[in-house]
Every structure is written in structure tokens, then in C-alpha cells.
Amino acid sequence: MTLISSILLRFSALLLGVLGAMTAGWSGALAFALEGIMLSGGLAGAMTSHMPWALSLLTAGGAGATCALMLGAAVCRGANPLFGGVAMNGLMAALSMIIARLAGGVSYSRKTYQLLIGGENVTVFLPAALLLLLAVWLLIFHTRWGIRLRLCGRNGEAARKTGVRLVGMRIAAWAVCGFLGGIGGLAAMISLGGGWRMEWGVGGMGYVALAAAFFAIMAAFSLLLTASGFGA
């Protein structure tokens, strides 16, 4: 893998992670468990890398969404989001070690995800991340659902009084966050090199993506620049 393709892969992982964190943030939830969400998606995706890339990405996104929904349900029932996020990160770190040991190690093939664009050997994660960026931007800023979601984040009580189901909106935001983070986790795991080791996790990219989300100013263009800076 060349330097350019490696940077683009890390950029894609961080962009997806930041997108997930910001989607949860727009609803008023904080994705402190992003590292664990990305790890769950990366592990599930890597273990299905022998399948077509689309199914592998969907598996990674589904695992991340499941992890996020577990935490989201707990937070909506009154759990502390910070403590819950730390607990989820620890749980997924321990669970990934157990799964890896039971499976005799986790290996994957980068060839499943490779594309040739403009003479440069890149992965499917780059176009996927850019398309998902566009999709999330349209969803959040150009749909009625997105307006309601942002209202939940700005003033939950006002949203409730207008008939918006606050818990339902936040659960949906957690699901989107987990799906994006799961795919980003797979990209992060692929970027670490061939043959995943348990102590690597996703290289701390969940924490980096969470930090990058705070630097972005809730707009797609600034998000793109932020992920570019951190990814490089």
C-alpha cells in the first residue's frame, strides 16, 4: 500500500467516525463509546472480509449499530453517557480479545476492498465515506427529520412540546452513529496492516474521531477539512 492510499484509508476511517459522532451530537447525545463502536464494527467486518465487500461493510455497520443501540437504550433510561461510554469501550476491548482467541486470531484480506481510481490503488472506503458524507448532510440539513433531530439537540424540552419523540429520535441517531462508526472501524483496522493483533484495537481512531468532531463546526465542509487534517 502506497503512502497516498494509506493516508486516504485513514482519512476515510476518521471521516466516518466523525460523521457518526456528529450525528449523535446533533441529537444531544455524546458518543463517548465511539472507540468501542468502531472496534465492534472493525472486528465483525474483518471476520467477514472473505465475503463481497458490500456485505462486509454492512456487517461492520450492523455490528457498530448494535453496539451503539445498546448504549443508547441505557442512556435513554438514565445511565450516565460518560460512564456508559467508558464501560462500553472497555467491554468491547475485552470482548474482542476473547473472540480473537477463540477464533485463533483475526486475519483479513485487503484485496476485498481495493479499487483502482485515477491510477491510484485505493479502497472502497474512500468513495463510501464521501457518499455517506453527502447522504448525512442531505439528511440532517435538508429533511424534516433532520430539522427535528437538530431541535432535539438544541432544546429537548422544546422538541418534546412540539410533538417530537425525543427518545425515538436519539435512538435513531445512535443507530446511524453506530452504523457509520462500524464501517469506519473496519477501515481503521484495515489501515493498521495485515493481520490484526488484539492489543491494537482500532489504533485509538475512535478517540481521535471524537476529538475531531469537537473541532468541526457542525458543517459538512469543516468536517471534511478536520478529518483531512487528522487523517494526514
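It should be emphasised that the depicted structure is a prediction, and the values quoted were computed from it without experimental measurement.

(A) Broad picture of the overall build of the protein. Each helix and strand counted, the protein has 10 helices and two strands in total. Of the regular secondary structure in the protein, the N- to C-terminal order runs α-α-α-α-β-β-α-α-α-α-α-α. By residue count, 47% of the 232 residues in the protein fall in the buried class. Counting only contacts in the protein whose residues sit at least 6 apart along the sequence, the fraction spanning at least 24 positions is 77%. Carbon and sulfur atoms make up 69% of the accessible area of the protein, which totals about 10600 Å².

(B) Representation of the side chain of Ser40. Within the element layout of this structure, Ser40 appears in helix α2 (residues 34–47). Among the polar contacts made by the side chain of Ser40, one reaches the main-chain carbonyl oxygen of Ile37 at a distance of 2.7 Å. In contact with Ser40, other than residues within four places in its own chain, are Ala63, Gly64, Cys67 and Met92.

(C) Layout of the packing of aromatic side chains. Evaluated as defined, the whole model comprises two aromatic pairs. Between Trp26 and Phe141 the ring centres are 5.6 Å apart and the planes differ by 90°, which places this aromatic pair in the edge-to-face class. Here Trp26 is found in helix α1 (residues 3–26), whereas its partner Phe141 is found in helix α5 (residues 125–141), with 115 residues between them in sequence. Exposure remark for Phe141: the relative accessible area of 28% places this residue in the partly exposed category. Ring centres of Tyr113 and Phe125 lie 5.3 Å apart, and the angle between their planes is 35°; on these two criteria the pair is classed as tilted. Remark: Phe125 occurs in helix α5 and Tyr113 occurs in the loop between α4 (81–102) and β1 (114–117); sequence separation between them is 12 residues.

(D) Structural view of a nonpolar patch on the surface. Taken together, Leu82, Phe83 and Val86 make up a surface patch of nonpolar side chains, about 310 Å² in accessible area. Relative to the helices and strands, Val86 resides in helix α4.

(E) Structural context of the packing of helix α6 (residues 144–154) against helix α8 (residues 166–191). Where α6 contacts α8, the two axes come as close as 10 Å, and the packing angle between them is 105°. One way to sum up the angle between α6 and α8 is to call them roughly perpendicular. Residue-level inspection shows Trp145, Arg148, Leu149 and Cys152 of α6 in contact with α8, the latter providing Leu166, Met169, Arg170, Ala172 and Ala173. Here the residues of the contact of α6 with α8 are counted per class, giving seven nonpolar, no polar and two charged.

(F) Broad picture of α4. Here α4 is 22 residues long and its end C-alpha atoms lie 31 Å apart, about the 32 Å a rise of 1.5 Å per residue gives. Looking at α4, one finds that the buried residues are Gly84, Gly85, Met88, Asn89, Met92, Ser96 and Ala100. Down the axis of α4, the buried side of the element spans an arc of 135°, and every buried residue falls inside it. Summarising the geometry of α4, the exposed residues directed more than 90 degrees from the buried face are Phe83, Val86, Arg101 and Leu102. Backbone geometry just after α4 places Gly104 at a positive phi near 75°.

(G) Focus on helix α9 (residues 205–215). Within α9, the full set of buried residues consists of Met205, Gly206, Ala209, Leu210, Ala212 and Ala213. Projected down its long axis, α9 shows its buried positions confined to an angular sector of 160°, all on one face. Among the exposed residues of α9, those pointing more than 90 degrees away from its buried face are Phe214 and Phe215.

Rules used in this analysis
- Residues numbered from 1 in each chain as written.
- Predicted model: local features only at pLDDT ≥ 70, side-chain atom pairs only at ≥ 80, totals over all residues.
- Heavy atoms only, no water.
- Helix = DSSP H or I, 4+ residues; strand = E, 2+ residues; numbered from the N terminus.
- Buried < 20%, exposed > 50% of the residue type's maximum accessible area, 1.4 Å probe, protein only.
- Contact = heavy atoms within 4.5 Å.
- Areas by Shrake-Rupley, 256 points an atom, 1.4 Å probe, with all protein chains shown as cover.
- Polar contact = N/O pair within 3.5 Å; in protein donor to acceptor, adjacent residues only side chain to side chain.
- Phe/Tyr/Trp six-rings, centres within 6.5 Å; stacked < 30°, edge-to-face > 60°.
- Patch = residues over 30% accessible without salt bridge, like charges linked within 9 Å, V, L, I, M, F, W, Y side chains within 5 Å.
- Salt bridge = Lys/Arg side-chain N within 4 Å of Asp/Glu carboxyl O.
- Axes fitted to C-alpha atoms, helices over the stretch in contact; angles between N-to-C directions.
- Parallel < 35°, antiparallel > 145°, perpendicular 65-115°, else oblique.
- Nonpolar A, V, L, I, M, F, W, Y, C, P; charged D, E, K, R; others polar.
- Expected span 1.5 Å × (residues − 1).
- Arc of directions from axis to C-beta.

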